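The residues making up each chain are set out below.
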Amino acid sequence: MNHLCLESPVRRLLQNTIAGLLAALSLWYGLPARANTATLANPLHGSSAPMQPVATASGAASAAGNGEKPEAAPVISIRSAVAKQLREAIEQSNAASGIKKKPTVLVGSSDKAPAASAHAPAPAAAARGHGVPAEAKSKPSGHPLSSKTGNPHAPAVAHDPHDAPHWSYEGETGPQAWGQLQPSFNLCAIGKRQSPIHIEDSEALLGPAEPLQVNYLPSKGSVVNNGHTIQVDLEGSNTLTVRGSTYKLVQFHFHHPAEEKLNYKGFAMVAHLVHQNAKGQLAVLAVLFDPGDASPMVQKVWTHMPLDVGDRVGLPDGLIDLNETLPKDMRYYQFMGSLTTPPCTEGVLWLVLRQPMTLSREQLKLFAQLFPNNARPTQPTLGRVVREAQ
Ligand SMILES: [Zn+2]
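Report on the accompanying structure.

## Quick word on the environment of Thr239
Next up, step 1: Mapped onto the secondary structure, Thr239 falls in strand β6 (residues 239–242).
Next up, step 2: A residue is classified by how many C-beta atoms lie within 10 Å of it, and Thr239, with 16 of them, is partly exposed.
Next up, step 3: Put simply, Thr239 and Val250 are 11 residues apart on the chain and 9.2 Å apart in space, counted from C-alpha to C-alpha.
Next up, step 4: Once residues lying within four places of it in the same chain are set aside, the contact partners of Thr239 are Asn215, Thr246, Tyr247, Lys248 and Leu249.

Here it is, written out as structure tokens:
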């Protein structure tokens, strides 16, 4: 029973192949196709010895086949006459029909199956994030954050989708695992200046500091759901000047809850306004939100909010005016930190506005339904200086 079980697939394969060949050969030899088909198994088995490639597989089959089906004289005659040509024809046919390759594929498939399934998560992840990357790819390549430093909080946009593993805010690909997801993410685990942080007045360096020179204008742009947040990519010359450098506003996005904490207080949401200067350096202006009156800016963005990952919605020209989302009190905390999403690149200038703005609970709820929690936990300051600008 065992050998029958083992042989049967091979035998079936061969029989099927030979059936076709004999049908073809029958034309050559003028034999009735039916007779050839009937004698199929036996000539094959009989010639299994010379047919080395099949011999191993059909050896047992040959013995069993011979035992089960005594050869008839016509078969022998056919075999003796046709054996060589048949063998050659079979070999040619095998080569042509990929029979020889099939076992390889089968073996290969079992060999490669793990590899394929090992790869499966990657493409799948890429595909998941792909909505984002695909979108990123379709974007004009000039997006400053895409090509140079990486998009702080929409990393999927920043990186080649095929290089970017799936990451998330919970579970096995959550923040605690980011640093291990791929080598380029290792700063997430070993960086010394990571963001966000818990800012405490008692530890901050209190003193004079230059005011932020913000020059925002009504702008056009587009909203994208990149799978990690809702992000608005902006066009136009919105600028922020600080520390002798002018940064251009590239995009802003949201986290719920806010990633930053001030004096043990958390916030419902934060908007990160991501700027980049000519050197490619990043400055992020953080605007915190408490529940309260509706935010006009949030309302405009939510109105055009794409619901599907990778989906992008264009905004009417001049719709977004970020002046309306800045507090009157522009005092801020300043410190050096990192992207709060993989690859957690450091060297980012953080400017966290002290005075929170408000958004309505309805506005908050809508975002939270899409992103229940897209905040990285606070990271150790490790002696970092936080300046509380007066
Ligand atoms: Zn962010």
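## Topic: the pairing of strand β10 (residues 282–291)
Next up, step 1: Of all 10 residues that make up β10, 8 are buried, and the element is covered over most of its length.
Next up, step 2: In this antiparallel pair of consecutive strands, strand β9 (residues 269–276) and β10, the connection spans 5 residues, and Gly280 shows a positive phi of 90 degrees.

## Quick notes on helix α12 (residues 296–303)
Next up, step 1: All of the buried residues along α12 are Met297, Val298 and Val301. Angular distribution of buried residues about the axis of α12 spans 95 degrees; they occupy a single face of the element. Projecting away from the buried face of α12 at angles above 90 degrees are the exposed residues Pro296 and Thr303.
Next up, step 2: Each element contacted by the buried residues of α12 is listed here: β4 (221–225), β5 (230–234), β14 (357–359) and α13 (361–370).

## Points about the pairing of strand β12 (residues 332–338)
A regular strand places its side chains so that they alternate between the two faces of the sheet.
Next up, step 1: Counting buried residues along β12, 6 of its 7 residues qualify, which places the element largely inside the surrounding structure.
Next up, step 2: Judged from the 7 bridges that link them, β12 and strand β13 (residues 346–353) form a sheet pairing that is antiparallel. Bridge pairing in β13 links Tyr332 to Leu353.
Next up, step 3: Direction of pairing for β12 relative to strand β15 (residues 387–389): antiparallel, over a ladder of 3 bridges. Counted as the bridge partner of Tyr333 is Glu388 from β15.

Rules used throughout
Numbers given for residues are sequential positions, taken from 1 along each chain in its written order. pLDDT decides what is reported in this predicted model: residues at 70 or higher carry local features, side-chain atom pairs at 80 or more are listed and counted, and totals for whole chains, interfaces and linings draw on all residues regardless. Going along the chain from the N terminus, every DSSP run of H or I of four or more residues is numbered as a helix, and every run of E of two or more is numbered as a strand. Buried means a residue has 20 or more other C-beta atoms within 10 Å of its own C-beta, exposed means 12 or fewer, and partly exposed covers the counts in between; C-beta atoms are placed from the backbone. By the convention adopted here, residues make contact when the C-beta atoms placed from their backbones lie within 7 Å. At least two bridges found by DSSP between two strands are what make those strands a pair. Within this analysis, the arc is defined by the directions that extend from the helix axis to the C-beta atoms.

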